[in-house]
Amino acid sequence: MYSTALLDLPPLQAAAGEVHLPGSKSISNRVLLLAALSHGTTTVHDLLASDDTRVMLDALRQIGCTVDEAGSTVRITGLGGRLPQSPSKLFLGNAGTAMRPLTAALALLGGEFELSGVPRMHERPIGDLIDALRQLGCQIDYLGNQGYPPLKIAHGQGVPTLALAEPIRVRGDVSSQFLTALLMALPLAAGTQAIVIEVVGELISKPYIAITLQLLARFGIAVEHQNWQRFTIPAGSRYQSPGSIHVEADASSASYFIALGAIATGGDGQKSIKIQGVGLDSIQGDIRFVEAARAMGAVVTGGANWLQIKRGAWPLKAIELDCNHIPDAAMTLAVMALYAEGTTTLTNIASWRVKETDRIAAMATELRKLGATVEEGADYIRVTPPAQAADWKAASIHTYDDHRVAMCFSLAAFNPARLPVRIEDPKCVAKTFPDYFETLFSVAQVDTAMIPVICIDGPTASGKGTVAAAVAQRLGYRFLDSGAMYRITALAALRKGLAIDAEHEARISSMAQTLPVCFEGGRVLLGSDDVTDAIRTEEAGMNASRVSALPAVRTALVDLQHSFQRLPGLVADGRDMGTVIFPAAPLKVYLTASAACRAERRYKQLISKGFSASIEDLRADLEARDARDSSRSVAPLKPAQDALVLDNSDLTIDEAVEQVLAWWQERQPFAAAAQG
């Protein structure tokens, strides 16, 4: 997962391949709570690993459930009629699928609980659910604003006496999660009489209620309904674990890759996107996104557990659609509208305004940044794309701590103007799809020349490696320590008994062509061997300088270094990154410092590791190495003609990093927008 402050997506051209999606959030958190309320132990397979499921699992442990995790498989031993542990304070992040059902269940189970979340959760309405629970006699107080979390449930240690003779009435036109919460909680109170729930107003998001009913049936609760307005929970209902249950992949997450297939696979029929984990027979309502995508021009086929998508009509066709049945996935249609001919109108989406953010306002604002003409209303959005490629704009997309905003707008990177797109706070996708961007990059195709490279060259001990690694981490880019490549080559040669000289140049260069080098988490791997420490000695540095003077070895390593230029970008440090390896890089920095300063830094470094050293000797060695590197016949050490020279003799590492980042941002087409 990218945990950077921002993620810059270069212009993407096409896509093809296969993706495996994470489990459904809607199913995952429902299953977790149902398992927690049941008798017996439930093994949940393919559970979504995300922020929302994490807060639910933590809450279930707090109230007394036994939870054992093993990767995507979780075993939950439910309360089975026991009272939950109380008093307890539960933090539920921004997970509506945890806050609303847990509130209802705990209010009926009895005890003392405080339920809170992030600030945005405290802006998401819950009053209609609380009103319904208060009808029953539940004691629930608001700890902040009326109608919103945080909440306090206070029944002491006893089970509340509930008024169940009359139907429980709940509004259905704000959020289907209120009804879902009651449907999941009320079987706990269904003793000798049936319990009836009546929906006031139109029930939105009926497919999500369908998911709830199907899962209730898996746990032994057969709820009847009349036209989605009146729901009856049978007398004597009792939750019983099904033993094991599988969570199918998230159909809402599938919408991004269905859209990707419609936008980026081309019309030749040779490329497609295949989605594993969810199929046309999914129990999730958002699978009907397929119908909308087909209406816009996508060609979608599928089976029980897979979908395959490729582009059909191009440009896409504008549509007008009532989206009550696919409220979450409909956001993806708003971005697909950027690639359609005409104006797309999405209606009956009032629920967008009470989600993780006001999604109608958010989508309208960010679509306009890209050059679209957008009209928004209380329950609709109307999107007209840029008239031509020249009307597209590079944009920094504010994501509002909303995972779906981030994932939707990643699709704008396929724009015909070949402009980059910045996604602010990319880690917000952790709510439902932590590896979303990695998955996107695995199928995205791009002109390598469009993948940005930052080169940081400089003499030995200038701090270029440390600065480059920090810059890469801040940007979420890949990192190439070219000096390590030469050090590893020298180490591998010596391990094979090869002297580093012209006589063995051919054999060393042949070996260098296939070196299995990997930079991972600050470590340097040669195959499965961690060689981080072995290549950081003074001797290893001298050997690297020698091996770099062998022309055939340098040639062999060029292609290997080029292979590191992968999405979303690369930061490469060395002595010839900007002059030889990546001469077209948009930013080249030549990092330097005085020999005295570099010798002092190296001295402190060696002393801290317990090695004896002499500053005078270190300075002499550095000056000799500088002279050798600067005068070698192949790729001598020198700044590229268009490099920016940064003398960091008097700078801290952090200051040097900030300067490089500032230079990089000055080159971005959306820098001004990011600062606004």
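Residues numbered from 1 in each chain as written. Predicted model: local features only at pLDDT ≥ 70, side-chain atom pairs only at ≥ 80, totals over all residues. Heavy atoms only, no water.

## Some words on the overall build of the protein
Turning to step 1, where the next piece is worked out: Summing up its helical and strand segments, the protein has 22 helices and 35 strands in all.
Turning to step 2, where the next piece is worked out: Once the C-alpha set of the protein is aligned to its principal axes, its extents read approximately 95 × 60 × 45 Å.
Turning to step 3, where the next piece is worked out: Counting only residues that meet the buried cut, the protein has 58% of its 676 residues in that class.
Turning to step 4, where the next piece is worked out: If you take every contact in the protein between residues at least 6 apart in sequence, the share linking residues at least 24 apart comes to 76%.
Turning to step 5, where the next piece is worked out: A total of about 25400 Å² of accessible surface is found on the protein, and carbon and sulfur atoms cover 50% of it.
Turning to step 6, where the next piece is worked out: Positive and negative side-chain charges in the protein, numbering 62 and 71 respectively, have mean positions lying 2 Å apart. (Helix = DSSP H or I, 4+ residues; strand = E, 2+ residues; numbered from the N terminus. Buried < 20%, exposed > 50% of the residue type's maximum accessible area, 1.4 Å probe, protein only. Contact = heavy atoms within 4.5 Å. Areas by Shrake-Rupley, 256 points an atom, 1.4 Å probe, with all protein chains shown as cover. Lys, Arg positive; Asp, Glu negative; His and termini not counted. Charge placed at Lys NZ, Arg CZ, Asp CG, Glu CD.)

## Description of the sheet that holds strand β12 (residues 195-200)
Turning to step 1, where the next piece is worked out: Strand order in the open sheet formed by four strands is β11-β12-β14-β13, with mixed pairing between adjacent strands. Only two strands of the sheet have a single partner each, and these edge strands are β11 (168-171) and β13 (224-226). In this sheet, adjacent strand axes meet at a mean angle of 20° when their direction is disregarded.
Turning to step 2, where the next piece is worked out: The pairing of β11 with β12 spans four bridges and is classified as parallel. Among the inter-strand pairings, Arg171 is bridged to a residue of β12, identified as Val200.
Turning to step 3, where the next piece is worked out: Packed onto the sheet, helix α5 (residues 176-185) meets β11, β12 and β14 (230-233) and runs at close to 155° relative to β11. (Pairing = 2+ DSSP bridges. Axes fitted to C-alpha atoms, helices over the stretch in contact; angles between N-to-C directions.)

## Some points on the packing of aromatic side chains
Each pair of aromatic rings is reported with the distance of its centres and the angle of its planes.
Turning to step 1, where the next piece is worked out: On inspection of all chains with the given rule, the structure shows 13 aromatic pairs.
Turning to step 2, where the next piece is worked out: Taking 6.3 Å as the distance between ring centres and 50° as the angle between the ring planes, the aromatic pair formed by Phe257 and Phe433 counts as tilted. Taken together, the residues span a long stretch of sequence, with Phe257 in helix α7 (residues 251-264) and Phe433 in the loop between β26 (421-424) and α12 (436-443) at a distance of 176 residues. An identical accessibility class is assigned to Phe257 and Phe433; each is buried.
Turning to step 3, where the next piece is worked out: Here the basic side chain of Lys274 rests over the ring of Trp306, its NZ or CZ set 5.0 Å away from the ring centre. (Phe/Tyr/Trp six-rings, centres within 6.5 Å; stacked < 30°, edge-to-face > 60°. Lys NZ or Arg CZ within 6 Å of the ring centre and 35° of its normal.)

## Thoughts on helix α2 (residues 51-62)
Turning to step 1, where the next piece is worked out: Helix length check: α2 (12 residues) gives 17 Å between terminal C-alpha atoms against 16 Å at 1.5 Å per residue, within 8%.
Turning to step 2, where the next piece is worked out: Taken together, the buried positions of α2 are Asp52, Thr53, Val55, Met56, Leu57, Ala59 and Leu60.
Turning to step 3, where the next piece is worked out: Buried residues along α2 sit against α1 (25-37), β5 (66-70), β6 (73-77), β7 (88-91) and α3 (96-109). (Expected span 1.5 Å × (residues − 1).)

## Some remarks on unusual backbone geometry
A negative phi angle is the norm for most residues apart from glycine, just as the trans form is the norm for most peptide bonds.
Turning to step 1, where the next piece is worked out: Following Trp314, the chain continues into Pro315 via a peptide bond in cis, with omega recorded as 0°.
Turning to step 2, where the next piece is worked out: Among the structural elements, Pro315 can be located in the loop between β18 (306-311) and β19 (316-317).
Turning to step 3, where the next piece is worked out: The residue after Leu567, namely Pro568, is reached through a cis peptide bond having omega 0°.
Turning to step 4, where the next piece is worked out: Inspection of the secondary structure assignment puts Pro568 in the loop between α17 (551-562) and β33 (570-574).

## Points about helix α13 (residues 464-475)
Turning to step 1, where the next piece is worked out: With 12 residues, α13 extends 16 Å from end C-alpha to end C-alpha; this agrees with the ideal 16 Å at 1.5 Å per step.
Turning to step 2, where the next piece is worked out: Considering only its buried residues, α13 is in contact with β1 (6-9), β28 (453-457), β29 (478-481), β33, β34 (587-592) and α21 (653-666).
Turning to step 3, where the next piece is worked out: Positive phi shows up at Gly476, right after α13, with a value of about 75°.

## Some words on the sheet that holds strand β31 (residues 523-526)
Turning to step 1, where the next piece is worked out: The strand order across the open sheet built from three strands is β30-β31-β32, with neighbouring strands paired in antiparallel fashion. At either end of the open sheet lies a strand with only one pairing partner, and these are β30 (517-520) and β32 (529-530).
Turning to step 2, where the next piece is worked out: As paired strands, β30 and β31 are joined by four bridges and run antiparallel to one another. Across the sheet, Glu520 pairs through a bridge with Arg523, a residue of β31.
Turning to step 3, where the next piece is worked out: Packed onto the sheet, helix α14 (residues 482-495) meets β30, β31 and β32 and runs at close to 130° relative to β30.

## Some thoughts on the side chain of Ser545
Turning to step 1, where the next piece is worked out: Positionally, Ser545 belongs in helix α16 (residues 538-548).
Turning to step 2, where the next piece is worked out: Look at Ser545 and you get buried, because its relative accessible area is 9%.
Turning to step 3, where the next piece is worked out: Apart from residues no more than four positions distant in its own chain, Ser545 is found in contact with Arg625, Arg628 and Asp629.

## What about the confidence of the model for the protein?
Interpreting fine coordinate detail is not advised for predicted regions of low pLDDT.
Turning to step 1, where the next piece is worked out: Residue-level pLDDT values for the protein average 93, and 98% of them are 70 or greater.
Turning to step 2, where the next piece is worked out: Low pLDDT, under 50, characterises residues 672-676; the stretch is placed with three contacts to residues that sit more than four places away or in other chains. (pLDDT = per-residue confidence, 0-100.)

## Overview of the pattern of salt bridges
Turning to step 1, where the next piece is worked out: Scanning the model with the defined rule gives 35 salt bridges in all.
Turning to step 2, where the next piece is worked out: Its salt-bridge partner being Asp530, residue Arg523 comes within 3.0 Å of it at the nearest N-O pair.
Turning to step 3, where the next piece is worked out: Residue Asp530 is classed as partly exposed on the basis of its relative accessible area, which comes to 38%.
Turning to step 4, where the next piece is worked out: A network of salt bridges, in which partner residues are shared, links Lys25, Asp52, Asp328, Lys355, Glu356, Arg359, Asp402, Arg404 and Lys431. (Salt bridge = Lys/Arg side-chain N within 4 Å of Asp/Glu carboxyl O.)

## Looking at the environment of Asp576
Turning to step 1, where the next piece is worked out: Among the secondary structure elements, Asp576 is positioned in the loop between β33 and α18 (577-581).
Turning to step 2, where the next piece is worked out: Each C-alpha atom of the pair Asp576 and Cys455 lies 8.7 Å from the other, and the pair is 121 residues apart in sequence.
Turning to step 3, where the next piece is worked out: Excluding anything up to four places from it in sequence, Asp576 contacts Asp457, Arg554, Ile581 and Ala635.

## Some points on the nonpolar core
Turning to step 1, where the next piece is worked out: Among the nonpolar cores identified, the biggest contains 84 residues, and Phe257, Ile275 and Met363 are the most heavily contacted of them.
Turning to step 2, where the next piece is worked out: The greatest single-element share of this core, amounting to 10 residues, is contributed by α7.
Turning to step 3, where the next piece is worked out: What Met363 contacts, discounting residues up to four positions off in sequence, is Met331, Ala334, Val335, Trp352, Ile381, Val405, Cys408 and Phe409.
Turning to step 4, where the next piece is worked out: Formed by 79 residues, the second largest nonpolar core is a distinct cluster that contains Leu33, Leu90, Leu92 and Leu203. (Core = buried A, V, L, I, M, F, W, Y, C linked by side-chain atoms within 4.5 Å.)

## Some words on the packing of α14 against α16
Turning to step 1, where the next piece is worked out: Between α14 and α16, the shortest axis-to-axis distance is 8 Å and the interhelical angle comes to 95°. Relative to α16, the element α14 lies roughly perpendicular. Of α16, the residues touching α14 (which contributes Gly483, Tyr486, Arg487, Thr489, Ala490 and Leu494) are Ala540, Gly541, Asn543, Ala544, Val547 and Ser548. (Parallel < 35°, antiparallel > 145°, perpendicular 65-115°, else oblique.)

## Looking at the packing of α7 against helix α8 (residues 289-296)
For any two helices packed against each other, one specifies the inter-axial angle together with the distance between the axes.
Turning to step 1, where the next piece is worked out: One way to put it is that α7 packs onto α8 with a least axis distance of 10 Å and a crossing angle of 15°. Between α7 and α8, the crossing angle belongs to the class labelled roughly parallel. Crossing handedness for the pair α7 and α8: right-handed. Of the residues in α8, those in contact with Ser255, Ile258 and Ala259 of α7 are Phe289, Val290 and Ala293. (Left-handed = near helix turned anticlockwise from the far one by under 90°.)

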